[in-house]
Amino acid sequence: MFGACSTTKTEGVLNLPRERLFMAEGSIYTAALMEHNAHPDYKYEMEHPTHTHEGVNPSCGDDIILSLRVVDGIVEEAAFTGSGCAVSLASADIMADLITDEPVEEAKRLCDLFMKMIRGEATDEELEDLGEAAELKSIALMPARVKCAELGWRTLDTILADSIQAETAKEEL
Amino acid sequence: MAETRPILHGADMLTERGRAEWDAASVQVSALVDNPYKKDFPLLATKPSLAFLDSAATAQRPAVVLDAQRDFYESMNANALRGLYKLSVEATKAINASRAHVARFLGLTDADACDIVFCRNASEALNIVAASYGASVLGAGDEVCITIMEHHSNLIPWQQVCERTGAKLVYMYVGEDGMLTEEEMRAKIGPQTKIVSAAHVSNVLGVENNIKLLASIAHEYGATMVVDGAQSVPHLQVNVRDLDVDFFAFSAHKAFGPLGIGVLWGRHELLDAMPPFLTGGEMIDSVTEQEAVWAPVPEKFEAGTQDAAGIYALDAALNYMENVGYDAIQMRESALVHTCMHRLSELDFVRIIGPEDPALHHGVISFNVCGIHPHDVSSILDMDNVAIRAGHHCAQPLLTHLGIESCCRASLAFYNDSSDIDKLINGLEHVWGMFHD
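In this text the structure is predicted, and so the values were computed from the model without any measurement.

### Section: the overall build of chain A
Helices and strands together make up the secondary structure of chain A, namely six helices and three strands. When burial is assessed residue by residue, chain A has 45% of its 173 residues classed as buried. Sequence separation of at least 24 residues holds for 60% of the intrachain contacts in chain A that already meet a minimum separation of 6. Carbon together with sulfur atoms contributes 50% to the accessible area of chain A, which is approximately 8900 Å² in total.

Below, the structure is given as structure tokens:
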């Protein structure tokens, strides 16, 4: 009665014209995004994270827990769990892929770059560094969905800010 | 006729109550292909590819309403009430005429126009009742009883006044079918209840609450009955005397009128005894350095310059609705809701929220697409020019009660037709296809 869903795949609805399955130019629902949503490689519970933080969009119910394993200033592992819309989950998966094996400073730079892209201020050259995440560029045109795309990155930013601050404090000792 | 077959097929699933309306609706379904109303609404007329299915959030306005707004500014613009010259007198007359019209619209007479308070929207109207009336009658140990299906606008004002006065906020819950039972009303309303407040029609479930029954139970215990009519006025003829309620609020913008105009009606003796909500210009009789004497109702609740053009345009919106007529409105909406629910039920990846019987949905159909977040559904439908609402619909406690975080909502008005439903169904197949390629 109240929307409990058990159905998975339905016959008959996939006979849509091919072009309708792929999005109009500027859409955020690209093949890459749909792939990351359907098969998120980085959506699992990490065994021994050094950092964990929860990010929530209260108005949509997007809720992810991001975990990092940072060793000697390198993000050796990034993973997340939680639930949310395709945009929030795919964006988090793309992000985890991008920052894995990167130094903390590089992860921070990419994070800032992503936010710059969302504000519509990144150059084409800068966008190249973001790889698949650059496909979310047009989210800038959908203000209602910006916070979905940003969720993973905002959560990462909080962790990195803490991590960098802790490192700085250690060096100063 | 393509629409007729699924209607008759779907009728097998109906309850007795729904069958009569279903039969009546199916007769009218063919009429949904012809739509004499869309042309009256400039936005709909100029965007023929748009399926606007979000009228429960805000309706579209007909040209006569837009013309009225412009006409006010072009022919009678002046500050109403206080000016002693002809223009101001005209503006004042326009407000008074609209006030009287609203009174008649709610089943009252012109003589009751003084109990019609204009404000910004239903939210503000309900805030006036909670803050001015609620705060003056509530104390520790008292209870305010509302339903779990309330829009935040009829929930947070009560949370606030309960916090201030030490009163307790009590909820009446809906059953599995989304309906509020008499048993639940009687379990929650009692001698400690001072105020009962309920949505006439739910903005998520689309169900109509039995306001007459609620009011009679509330009055048994001497409690005051407040009604949020934001979602009922566009679909149901309201008579506040017949419902026997004490306060009734609605928004003009959901009833094809302008944005920014709300209406509060209250029993005269209650409005008269209440302190003002906002204070300032226009709401006083006399002012000294340290004190003021309030103007009589309704001016007491109308501080500052009113949106007279909007009030004048509301008059035009009510005229338009009355010309279309509730009979035509309900016949079309009933046929639209029956068709839409039936076609949604044919998509086995869609789950409808609320009663199965279309006759119980007043223009509102909430649903979820299995495994796909409502925001994705809405964004993808938007690419196909289908406008629906997705989220918690300002009714988070209800969604929590239903065990869901968010849902999609298609809401219909008489200006929709079968092409809008076709676009929604095709769009949902597109959504499903994108996620299951």
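### Observations regarding the packing of helix α13 (residues 326–345) of chain B against helix α16 (residues 418–435) of chain B
Each packed pair of helices is defined by two parameters, the angle between the axes and the distance between the axes. Residues and elements named next belong to chain B. It is the contact of α13 with α16, at a shortest axis distance of 10 Å, that shows an interaxial angle of 20°. On the basis of the axis angle, α13 is roughly parallel to α16. Considering only the axes of α13 and α16, their crossing is right-handed. For the pair α13 and α16, contact is made by Leu336, Thr339, Cys340, Arg343 and Leu344 and by Ser418, Ile421, Asp422, Leu424, Ile425 and Leu428, respectively. For the contact of α13 with α16, the per-class residue count stands at seven nonpolar, two polar and two charged.

### Here we look at helix α4 (residues 104–118) of chain A
Compared with an ideal rise of 1.5 Å per residue, which puts 15 residues at 21 Å, α4 of chain A spans 21 Å between its outermost C-alpha atoms and is within 8% of the ideal. Listed in full, the buried residues belonging to α4 of chain A are Val104, Ala107, Leu110, Cys111, Leu113, Phe114, Met115, Met117 and Ile118 of chain A.

### Describing the layout of surface pockets
Considering only enclosed or pocket space, the largest pocket measures out at about 520 Å³ in volume. When contributions to the lining of the largest pocket are tallied by element, the ones reaching two or more residues are α3 (86–99) of chain A together with β12 (364–369) and α14 (374–383) of chain B. When the residues that make up the lining of the largest pocket are grouped by side-chain class, the tally is eleven nonpolar, ten polar and three charged.

### Quick word on the state of the cysteines
For the structure shown, the criterion picks out zero disulfides over all chains. Free of any disulfide, Cys85 of chain A has its nearest neighbouring cysteine sulfur in Cys148 of chain A, separated by 3.8 Å.

### Overview of the packing of helix α6 (residues 122–137) of chain B against helix α7 (residues 156–165) of chain B
All names here are of chain B. Where α6 contacts α7, the axes come no closer than 9 Å and their chain directions differ by 20°. Here α6 is positioned roughly parallel relative to α7, judged by the angle of their axes. Note that α6 runs across α7; the crossing there is right-handed. Facing Leu126, Asn127, Val129, Ala130, Ala131, Gly134 and Ala135 of α6, the residues of α7 in contact are Pro157, Trp158, Val161, Arg164 and Thr165.

### What to know about the nonpolar core
Formed by 81 residues in total, the largest nonpolar core has its most connected members in Leu130 and Trp153 of chain A together with Leu428 of chain B. Here the element with the most residues in this core is α3 of chain A; it accounts for ten residues. Setting aside chain neighbours within four positions, we find Leu428 of chain B in contact with Leu344, Leu347, Phe349, Val350, Phe367, Val369, Val377 and Leu381 of chain B. If you look at the next biggest cluster of nonpolar residues, it comprises 62 residues, including Met172, Ile189, Ile311 and Tyr415 of chain B.

### With respect to the domain arrangement of chain B
Residues and elements named next belong to chain B. Domain parsing of chain B yields domain 1 (4–53 + 325–435) and domain 2 (65–322). Residue-level contacts link 34 residues of domain 1 with 29 residues of domain 2. It is Tyr326, His362 and Leu398 that lose the most area in domain 1 upon contact with domain 2, and together they represent 28% of the buried surface on that side. For the pair domain 1 and domain 2, the interface holds zero salt bridges. At the boundary of domain 1 and domain 2, one finds 17 residue pairs in polar contact (both at pLDDT 80 or more). Counting residues per element, the ones that place at least two in the side of domain 1 that touches domain 2 are α13, β12, α15 (396–402) and β15 (407–411). For the side of domain 1 that touches domain 2, the element with the highest residue contribution is α15, accounting for six residues. Within the side of domain 1 that touches domain 2, the residues separate by chemical class into 20 nonpolar, eleven polar and three charged.

### Brief notes about empty space enclosed by the protein
Residues and elements named next belong to chain B. Tallying each qualifying case throughout the model produces one cavity of 30 Å³ or more. Here the largest cavity is characterised by a volume of approximately 50 Å³. Ser55, Ala56, Gln231, Pro234, His235, Lys254, Phe256, Glu333, Leu412 and Ala413 together form the lining of the largest cavity. Residues belonging to the lining of the largest cavity are distributed by class as follows: five nonpolar, three polar and two charged. If you count residues domain by domain, the lining of the largest cavity takes at least three from each of domain 1 (4–53 + 325–435) and domain 2 (65–322).

### Considerations on a negative patch on the surface
There is a patch of like negative charges on the surface, built from Glu35, Asp41, Asp97, Glu132 and Glu135 of chain A. Taking relative accessible area as the criterion, Glu135 of chain A reaches 32% and is therefore assigned partly exposed.

### A short note on the pairing of strand β9 (residues 284–287) of chain B
All names here are of chain B. In terms of strand pairing, β9 meets strand β10 (residues 292–294) through three bridges, oriented antiparallel. Of the residues in β10, the one forming a bridge with Ile284 is Trp294. Where β9 folds back onto β10 in an antiparallel hairpin, the turn is made up of four residues.

### Some thoughts on the packing of aromatic side chains
Residues and elements named next belong to chain B. Taken as a whole, this structure holds 17 aromatic pairs over all chains when the rule is applied. When the centroid spacing of 5.9 Å and the interplanar angle of 80° are considered together, the rings of Phe256 and Tyr415 count as edge-to-face. Of this pair, Phe256 sits in the loop between β7 (247–251) and β8 (262–266) while Tyr415 sits in the loop between β15 and α16, placing them 159 residues apart in sequence. By the burial criterion, Phe256 is buried, and Tyr415 matches it. Three or more aromatic residues joined by ring pairs make a cluster, and in this case those are Tyr37, Phe41, Phe256, Tyr320, Phe414 and Tyr415.

### A few points about the pairing of strand β3 (residues 74–83) of chain A
Residues and elements named next belong to chain A. Both strand β2 (residues 62–71) and β3 contribute to a ladder of nine bridges, which runs antiparallel. Bridging from a neighbouring strand, Arg69 pairs with Glu77 of β3. Where β2 hands over to β3, the hairpin turn is made up of two residues, of which Asp72 adopts a positive phi near 50°.

### Description of the pattern of salt bridges
Residues and elements named next belong to chain A. Under the defined criterion, the tally for this structure stands at 28 salt bridges over all chains. Across the salt bridge formed by Lys116 and Glu126, the nearest N and O atoms sit 2.9 Å from each other. In this pair, Lys116 sits in helix α4 while Glu126 sits in helix α5 (residues 124–129), placing the two residues ten residues apart along the sequence.

### Overview of the sheet that holds β2 of chain A
Residue and element names in this part refer to chain A. An order of β1-β2-β3 is seen for the three strands of this open sheet, with the pairing classed as antiparallel. Both outer strands of the open sheet, β1 (51–57) and β3, are each paired with one neighbouring strand and no more. Adjacent strand axes in the sheet meet at a mean angle of 20° when their direction is disregarded. Each of β2 and β3 is contacted by α3, which is oriented at about 170° to β3, the strand it contacts most.

Rules and cut-offs
- Residues numbered from 1 in each chain as written.
- Chains lettered and ligands numbered in written order.
- Predicted model: local features only at pLDDT ≥ 70, side-chain atom pairs only at ≥ 80, totals over all residues.
- Heavy atoms only, no water.
- Helix = DSSP H or I, 4+ residues; strand = E, 2+ residues; numbered from the N terminus.
- Buried < 20%, exposed > 50% of the residue type's maximum accessible area, 1.4 Å probe, protein only.
- Contact = heavy atoms within 4.5 Å.
- Areas by Shrake-Rupley, 256 points an atom, 1.4 Å probe, with all protein chains shown as cover.
- Axes fitted to C-alpha atoms, helices over the stretch in contact; angles between N-to-C directions.
- Parallel < 35°, antiparallel > 145°, perpendicular 65-115°, else oblique.
- Left-handed = near helix turned anticlockwise from the far one by under 90°.
- Nonpolar A, V, L, I, M, F, W, Y, C, P; charged D, E, K, R; others polar.
- Expected span 1.5 Å × (residues − 1).
- 1 Å grid on protein atoms, 1.4 Å probe; cavity = no way out; pocket = protein on both sides within 12 Å on 5 of 7 lines; lining within 4 Å.
- Points joined across faces, edges and corners; volume = space filled by probe spheres on them.
- Disulfide = S-S within 2.5 Å.
- Core = buried A, V, L, I, M, F, W, Y, C linked by side-chain atoms within 4.5 Å.
- Domains from an automatic or database assignment.
- Buried area = accessible area lost by both parts, 1.4 Å probe.
- Salt bridge = Lys/Arg side-chain N within 4 Å of Asp/Glu carboxyl O.
- Polar contact = N/O pair within 3.5 Å; in protein donor to acceptor, adjacent residues only side chain to side chain.
- Patch = residues over 30% accessible without salt bridge, like charges linked within 9 Å, V, L, I, M, F, W, Y side chains within 5 Å.
- Lys, Arg positive; Asp, Glu negative; His and termini not counted.
- Charge placed at Lys NZ, Arg CZ, Asp CG, Glu CD.
- Pairing = 2+ DSSP bridges.
- Phe/Tyr/Trp six-rings, centres within 6.5 Å; stacked < 30°, edge-to-face > 60°.

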